[in-house]
Amino acid sequence: AQSVTQPDIHITVSEGASLELRCNYSYGATPYLFWYVQSPGQGLQLLLKYFSGDTLVQGIKGFEAEFKRSQSSFNLRKPSVHWSDAAEYFCAVELNAGNMLTFGGGTRLMVKP
Amino acid sequence: EAGVTQFPSHSVIEKGQTVTLRCDPISGHDNLYWYRRVMGKEIKFLLHFVKESKQDESGMPNNRFLAERTGGTYSTLKVQPAELEDSGVYFCASSQGPGSTQYFGPGTRLTVL
């Protein structure tokens, strides 16, 4: 079955430390790939997306993600985490343009001072 | 430019009652999507409108849920009668067309007692 997996439900990092959130997908073809963030009391905000081309994608708020076809992964990274990055992060895929998004279960990030 | 708005932000109802959720997409966006996140689970697709037509309603859980988008502008999602398992956060998203980003609203938190 087609699916999106975020293996880490919770992650805690210290402010200033680097961050990597994992995302794996299971699809026959390469889907469109997204990372969204939901801060407390807010809606889902798009951080970045991959459709094609360069496999390293830059997003907002200093985030980047790398698409690795061989590993069916699209991990999100940030070199130095800020306290305001504490939120829940969702990886999502879109199999065909204009279709629904399929989400992973989310990773809740906590940032220690 | 105004984002996607949803009303109400919270709703608490008793089992058996009816609730109607509203979504106003970004102006000019023909595509409108409804998603739901029940407690502890991933965000799941419910249905997709293109203008006033239902493009895909494969995610609607049962016939207690009715979505409309008269005139191709705002959309409503009615739950009648509500059951305990309908509790969760209902998200609406809109996009301009195939391949374009889905922008999400803040969600409506529904609690069925």
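Residues numbered from 1 in each chain as written. Chains lettered and ligands numbered in written order. Predicted model: local features only at pLDDT ≥ 70, side-chain atom pairs only at ≥ 80, totals over all residues. Heavy atoms only, no water.

Q: Sorry, what's going on with the interface of chain B and chain A here?
A: A common way to state how big an interface is: give the accessible area lost once the parts meet. Listed by partner, the interface residues are 15 residues for chain B and 18 residues for chain A. Buried area between chain B and chain A, summed over both chains or domains, comes out near 1,500 Å², and the portion from carbon and sulfur atoms is 58%. Counting across the chain B and chain A interface gives one salt bridge. Across the salt bridge formed by Arg-37 of chain B and Glu-88 of chain A, the nearest N and O atoms sit 3.0 Å from each other. (Contact = heavy atoms within 4.5 Å. Buried area = accessible area lost by both parts, 1.4 Å probe. Salt bridge = Lys/Arg side-chain N within 4 Å of Asp/Glu carboxyl O.)

Q: Would you take a moment to explain the nonpolar core for this structure?
A: Nonpolar side chains tend to gather and get buried jointly when the protein is soluble and globular. If you look at the biggest cluster of nonpolar residues, it comprises 27 residues, and the most contacted ones within it are Leu-19, Trp-35, Leu-47, Leu-48, Phe-74, Leu-76 and Tyr-89 of chain A. Elements that contribute at least two residues to this core include exactly β2 (10-14), β3 (19-21), β5 (32-38), β6 (44-50), β8 (64-68), β9 (73-78), β10 (87-94) and β12 (107-112) of chain A. Tallying contributions element by element places β10 of chain A first for this core, with four residues. The next biggest cluster of nonpolar side chains, apart from the first, holds 21 residues, and it includes Leu-21, Trp-34, Val-79 and Cys-92 of chain B. (Core = buried A, V, L, I, M, F, W, Y, C linked by side-chain atoms within 4.5 Å. Buried < 20%, exposed > 50% of the residue type's maximum accessible area, 1.4 Å probe, protein only. Helix = DSSP H or I, 4+ residues; strand = E, 2+ residues; numbered from the N terminus.)

Q: I'm lost on the state of the cysteines in this one. Help?
A: Here, disulfide denotes a covalent bond that connects the sulfur atoms of two cysteines. Per the stated rule, a full pass over the model turns up two disulfides over all chains. Here Cys-23 of chain A is linked by a disulfide to Cys-91 of chain A, with a sulfur-sulfur distance of 1.9 Å. When the S-S torsion is -65°, as for the bridge of Cys-23 of chain A with Cys-91 of chain A, the disulfide is left-handed. Taken together, the residues span a long stretch of sequence, with Cys-23 of chain A in the loop between β3 and β4 (24-26) and Cys-91 of chain A in strand β10 at a distance of 68 residues. For the residue pair Cys-23 of chain A and Cys-91 of chain A, the accessibility class agrees, reading buried in each case. The disulfide partner of Cys-23 of chain B is Cys-92 of chain B, and the S-S distance across this bridge is 1.8 Å. Every disulfide takes its handedness from the sign of the S-S torsion; for Cys-23 of chain B and Cys-92 of chain B that torsion is -60°, giving left-handed. Separated by 69 residues along the polypeptide, Cys-23 of chain B in strand β3 (residues 19-24) and Cys-92 of chain B in strand β9 (residues 88-95) bring together distant segments of the chain. (Disulfide = S-S within 2.5 Å.)

Q: Could you clarify how one ought to interpret the pattern of salt bridges in this entry?
A: Two side chains with opposite charge may pair up if their charged atoms get near one another. All told, the structure shown has twelve salt bridges over all chains when counted by the stated rule. Here Arg-108 of chain A and Glu-88 of chain A are joined by a salt bridge, their closest N and O atoms 3.0 Å apart. Separated by 20 residues along the polypeptide, Arg-108 of chain A in strand β12 and Glu-88 of chain A in strand β10 bring together distant segments of the chain. The exposure class of Glu-88 of chain A is buried, given its relative accessible area of 7%. One salt bridge in this structure joins Asp-86 of chain B and Arg-64 of chain B, with 2.6 Å as the shortest N-O distance. With Asp-86 of chain B in the loop between β8 (75-79) and β9 and Arg-64 of chain B in the loop between β6 (53-56) and β7 (65-68), this pair connects stretches of sequence that are 22 residues apart.

Q: Quick question: what am I supposed to make of the packing of aromatic side chains here?
A: Between two aromatic rings, the relevant description is the distance of the centres plus the angle of the planes. Within this structure, the stated rule accounts for 17 aromatic pairs over all chains. Consider the rings of Phe-90 of chain A and Phe-103 of chain A, whose centres lie 6.3 Å apart with planes at 90°: the pair is edge-to-face. On the criterion of sequence distance, the pair formed by Phe-90 of chain A in strand β10 and Phe-103 of chain A in strand β11 (residues 101-103) is long-range, its members being 13 residues apart. Site record: aromatic cluster; members linked through ring pairs are Tyr-32, Phe-34, Tyr-36, Phe-51, Phe-90 and Phe-103 of chain A together with Tyr-33, Tyr-35, Phe-45, Phe-91 and Phe-104 of chain B. Taking the ring centre of Tyr-74 of chain B as reference, the NZ or CZ of Arg-22 of chain B above it sits at 3.7 Å. (Phe/Tyr/Trp six-rings, centres within 6.5 Å; stacked < 30°, edge-to-face > 60°. Lys NZ or Arg CZ within 6 Å of the ring centre and 35° of its normal.)

Q: Which parts of the structure should I look at to understand the sheet that holds β7 of chain B?
A: Hydrogen bonds between backbone atoms are what pair the strands of a sheet, whose relative direction is either parallel or antiparallel. Residue and element names in this part refer to chain B. The four strands lie next to each other as β1-β3-β8-β7, forming an open sheet whose pairing is antiparallel. Strand pairing shows two members of the sheet lacking a second neighbour, β1 (5-7) and β7, which therefore form its edges. The mean inter-strand angle of the sheet, taken between neighbouring strand axes irrespective of direction, is 15°. The sheet contact formed by β1 and β3 spans three bridges and is antiparallel. Each residue of the ladder has a partner; that of Gln-6, found in β3, is Cys-23. (Pairing = 2+ DSSP bridges. Axes fitted to C-alpha atoms, helices over the stretch in contact; angles between N-to-C directions.)

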